[in-house]
Amino acid sequence: MAVTKTLRSGAWRVVELITTPLVPADYLDAVAPLRNPSVLRAKVEAVRPETADSVTLTLRPGRGWREHVPGQYVRLGVDVDGVRLWRSYSVTSAPGGRGDRFTVTVNAVPGGKVSTHLVRHARAGMIVHLDVPAGEFTLPATRPGKVLFVTAGSGITPVMGMLRSHLDELADVVVVHSARTPEAAVFGPELRALVGAGRIRLVERHTATQGRIKAADLDELVPDRAERATWACGPNELLDDIEAHWAQTGGGLLHTERFRPTVVAADAAGGNVTFTRAGRTVPAGGGEPLLEAGEAAGVLMPSGCRMGICFKCVLPLREGAVRDLRDGQLTVAEPGDNIPIQTCINAAAGDCRIDL
Amino acid sequence: MTTLQRKDVNPIAHLTPEDIEQIGIELDAIRDEIIESRGENDARYIRRVISVQRRLELGSRAVLLFSLFPPAWLVGTAGLSIAKILENMEIGHNIMHGQWDWMRDPKIHSTKWEWDNASPSEQWKHSHNELHHTYTNVVGRDNDLGYGIMRVDEDQPWTPAYLGQPLYNFINACFFEYGIAAYDLELGRNLKTKKRRRAPEFRAALKKTRNKIGRQVLKDYVIHPALSGPSFLHTIAANAVANLVRNLWTHSVIMCGHFPNGVETFERTSIEGETRGEWYVRQMLGSANISGSKLMHIMTGNLSHQIEHHLFPDLPSNRYAEIAPKVRALFEKYQLNYVTGPLPKQVASAWAKVFRLALPNRGPASVRPPRKQLDPSLPKVARWQRAEAKPANS
Ligand SMILES: Cc1cc2nc3c(=O)[nH]c(=O)nc-3n(C[C@H](O)[C@H](O)[C@H](O)COP(=O)(O)OP(=O)(O)OC[C@H]3O[C@@H](n4cnc5c(N)ncnc54)[C@H](O)[C@@H]3O)c2cc1C
Ligand code: FES
């Protein structure tokens with residue numbers, strides 16, 4: 001056993017020497033991008049329009065995939081105008097798809113880079129980068145007896161993942177779903193069919209005619225809402241409102257899922273910079289290069305030309321926003337993004353975390 | 001400012017400090033235009049070059065499995081030489097400059113790329129991007145200028161050892177990848193004293209380089225030859241020739257970048273407190289282009305656009321050709337010398353200089369022209385800071 005193992009790793013080392021300084025998978029990528037053991041990718045197998053502004057993508061993941069728990073999301077790395085942009089999308093299918101296939105449903109945000117790109121240009125055969133599923137917006141192992149789902153717009157997606165997987169295990173389900181019009185409601189027909197089959201109670205709200213939904217409205221729409229475990233997903237304003245209302249009036253367990261980070265300030269204010277591995281946090285001005293802020297705090301910063309050309313100072317931005325001092329351009333990273341930035345010409349534009 | 005040709009005219013004497021800052025502003029505008037329009041086509045370009053290079057390399061190595069047969073040897077060696085040149089120049093050099101970092105693809109990123117060369121990427125990035133590109137053509141600071149073994153300026157005192165510099169240069173050309181590794185390690189400086197030799201940073205760097213060279217040598221001179229069985233010796237020869245061709249080619253191209261006639265060198269003190277505009281002007285005067293076809297540009301890794309590359313080292317190489325006419329127009333507008341010429345002429349010119357400076361200066365030393373000083377009352381700004389664009393009528 002041990003001998004075969006040694007032999008195998010020895011043989012592998014020889015194979016690696018054939019391709020050094022690259023790894024064998026680098027050559028394989030050109031012909032079999034899903035086989036790379038160190039880079040998780042997926043192939044778009046089908047693109048189905050849901051509404052005028054949304055599509056469902058069927059994805060076949062490559063090596064390294066791990067099945068999702070309903071309600072979780074995956075991060076997709078999509079090349080838009082040549083730039084790899086990562087965004088999160090909730091898995092809308094039930095686990096156990098053929099060959100691990102799963103679906104995500106993307107709603108085009110006006111002016112949104114990735115969502116519009118996917119809704120307008122995604123085609124079968126396209127390769128996207130992928131991260132394993134994550135997220136806590138899931139049902140507990142002991143399913144609650146009475147459940148309320150509150151969703152608005154594309155916020156229905158994680159809930160659809162749960163309904164498609166767990167509806168049989170849930171006795172009493174109310175879905176309050178808000179969309180602009182009946183036609184714009186993603187999964188509208190499927191939800192209505194579930195009502196027809198007597199599986200859920202559905203409250204549809206159409207903002208074009210009835211206005212935005214308020215947390216207080218829920219007391220009337222769902223009189224027993226305090227007895228229900230609630231999962232809510234939608235715009236931040238709605239979720240803020242619901243959280244405040246629940247805190248004030250008391251109610252059942254509340255889980256929320258947000259699609260956007262809190263907005264970063266747009267003026268040239270700085271922020272607190274955290275160097276995660278050095279374990280140090282320093283306040284940095286909006287005009288002060290991160291490199292200097294780090295050095296002043298005694299962090300051992302890699303650096304070189306200190307003028308933006310040598311890239312010796314590049315560090316991954318884990319989270320937060322920085323501003324390029326040269327052209328004012330913002331780079332924003334969400335957790336898990338790890339966007340490489342040049343610290344010598346970027347300044348904090350809000351709180352940020354740097355991997356060093 | 002002093003020049004290799006002992007020019008009696010200061011090439012920027014006619015420029016006012018305002019002119020120099022204006023040049024900076026105009027170059028920034030050219031830069032912005034490219035950054036604004038970087039996109040899918042550029043990404044497709046670099047991915048295609050990488051894919052072509054990998055196929056060519058795999059194909060050539062496959063052919064070399066039968067290198068016992070002379071036609072296979074010839075085809076395989078030629079293919080492998082081209083593949084290695086592409087990998088070092090258009091791909092490796094440019095990726096390590098961060099030209100493709102904007103794609104945010106970790107597979108094509110300056111911090112991740114390891115190239116098919118003796119010097120580990122990390123060390124090369126230090127000596128090349130950081131020292132050479134920052135201190136371009138500053139005698140005594142820029143090791144690329146003579147690689148620390150040659151006399152590159154009339155002002156450098158002559159010693160009889162320099163008589164051998166044509167030979168050193170030729171040997172360096174043949175073993176260029178090891179030459180690069182040696183000066184990335186700053187071997188000359190670091191081997192001098194016991195303290196330096198024992199310094200942990202130096203020892204760590206040395207170990208990295210040794211490991212890298214070990215793997216490279218195993219690959220080219222043991223593993224691939226062994227795979228080709230009866231063609232073992234022929235494949236060794238093929239790989240050695242491919243490495244030699246790549247070395248000679250890259251050395252020639254790089255010599256053309258800063259050595260030919262008309263290129264200026266600078267004094268150590270001349271760059272203290274340099275502004276962004278002054279930095280740009282130094283790059284303009286300290287680099288030379290090679291004229292030629294599209295294929296020529298690709299095979300030189302677009303270092304044939306050395307001037308544009310030195311002005312904007314992190315712009316994607318495939319765009320240099322597009323901005324070259326604008327940069328050239330700027331040279332003309334400000335009456336600066338845009339040095340360019342076909343490869344044979346530039347190589348000859350660079351070699352002529354190596355020979356000339358091997359000998360002591362001829363004739364009396366001419367008076368050094370005074371260096372253009374910026375108005376000390378002008379506010380000094382850091383080099384990455386842009387000057388404010390001035391209203392048109394001021
Ligand atoms: C956990 C999680 C799960 C998600 N699941 C899904 C999903 O299943 N389906 C889905 O379509 N999206 C989902 N999202 C949102 C998705 O990740 C992207 O944020 C969204 O597609 C917009 O990206 P973009 O690149 O198109 O827009 P960007 O180019 O990033 O933004 C363009 C503009 O739109 C604004 N904007 C960004 N997001 C939104 C938004 N959601 N609503 C309104 N304006 C916005 C931005 O502030 C900006 O002004 C999820 C997000 C998270 C964090
Ligand atoms: S130190 Fe050179 S790019 Fe930052």
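I will try to describe carefully the structure that is included in this document. (Residues numbered from 1 in each chain as written. Chains lettered and ligands numbered in written order. Predicted model: local features only at pLDDT ≥ 70, side-chain atom pairs only at ≥ 80, totals over all residues. Heavy atoms only, no water.)

Core analysis: the biggest nonpolar cluster contains 43 residues, and Leu-59, Leu-76, Val-104 and Leu-118 of chain A have the highest contact counts within it. Not counting chain neighbours up to four residues away, the residues in contact with Leu-59 of chain A comprise Ala-42, Lys-43, Val-44, Leu-76, Asp-100, Arg-101, Phe-102, Val-104 and Val-128 of chain A. Counting residues in hydrophobic clusters, the runner-up holds 32 residues, among them Leu-27, Ile-35, Leu-131 and Ile-323 of chain B. (Core = buried A, V, L, I, M, F, W, Y, C linked by side-chain atoms within 4.5 Å. Buried < 20%, exposed > 50% of the residue type's maximum accessible area, 1.4 Å probe, protein only. Contact = heavy atoms within 4.5 Å.)

Take a nonpolar patch on the surface next. Residue and element names in this part refer to chain B. A cluster of nonpolar side chains, namely Ile-149, Leu-167, Tyr-168, Phe-170, Ile-171, Phe-175, Leu-244 and Leu-248, defines an oily patch on the protein surface of about 710 Å² accessible area. If you list the elements that add at least two residues to the nonpolar patch, you get helix 5 (165–174) and helix 10 (232–258). Within the secondary structure, Phe-170 sits in helix 5. Judged by its relative accessible area of 45%, Phe-170 is partly exposed. (Patch = residues over 30% accessible without salt bridge, like charges linked within 9 Å, V, L, I, M, F, W, Y side chains within 5 Å. Areas by Shrake-Rupley, 256 points an atom, 1.4 Å probe, with all protein chains shown as cover. Salt bridge = Lys/Arg side-chain N within 4 Å of Asp/Glu carboxyl O. Helix = DSSP H or I, 4+ residues; strand = E, 2+ residues; numbered from the N terminus.)

Contacts between the two partners involve 37 residues from chain A and, on the opposite side, 45 residues from chain B. Here chain A meets chain B over a buried area of about 3,500 Å², counting both sides, of which 61% is carbon and sulfur. Across the contact surface, chain A and chain B share three salt bridges. Between Arg-47 of chain B and Asp-79 of chain A there is a salt bridge, with the nearest N and O atoms lying 3.4 Å from each other. Between the two partners, chain A and chain B, sit nine residue pairs in polar contact (both at pLDDT 80 or more). Looking at the side of chain A that touches chain B, the elements that each hand over two or more residues are helix 1 (2–19), helix 2 (24–28), strand 4 (83–90) and strand 16 (339–342) of chain A. (Buried area = accessible area lost by both parts, 1.4 Å probe. Polar contact = N/O pair within 3.5 Å; in protein donor to acceptor, adjacent residues only side chain to side chain.)

Residues and elements named next belong to chain A. Close to ligand 1 lie 20 residues; Arg-87, Ser-88, Tyr-89, Ser-115 and Arg-260 are nearest. Between ligand 1 and the protein, one listed contact pairs an oxygen atom with a backbone N or O atom of Val-114 at 2.8 Å. Starting from 910 Å² of accessible surface for ligand 1 in isolation, the protein chains cover 75%. For the shell around ligand 1, the elements supplying multiple residues, two or more each, are strand 4, strand 5 (102–107) and helix 3 (113–121). Of the residues forming the shell around ligand 1, the biggest block, four residues, is contributed by strand 4. For the shell around ligand 1, a count of residues per class yields six nonpolar, nine polar and five charged. (Near = heavy atom within 4 Å. Nonpolar A, V, L, I, M, F, W, Y, C, P; charged D, E, K, R; others polar.)

What follows deals with the pattern of salt bridges. With the rule as written, the count across this model stands at 46 salt bridges over all chains. Among the ionic pairs, Asp-224 of chain A bridges to Arg-228 of chain A, the shortest N-O distance being 3.0 Å. Put simply, Arg-189 of chain B and Glu-186 of chain B hold a salt bridge, and the shortest N to O gap is 3.2 Å.

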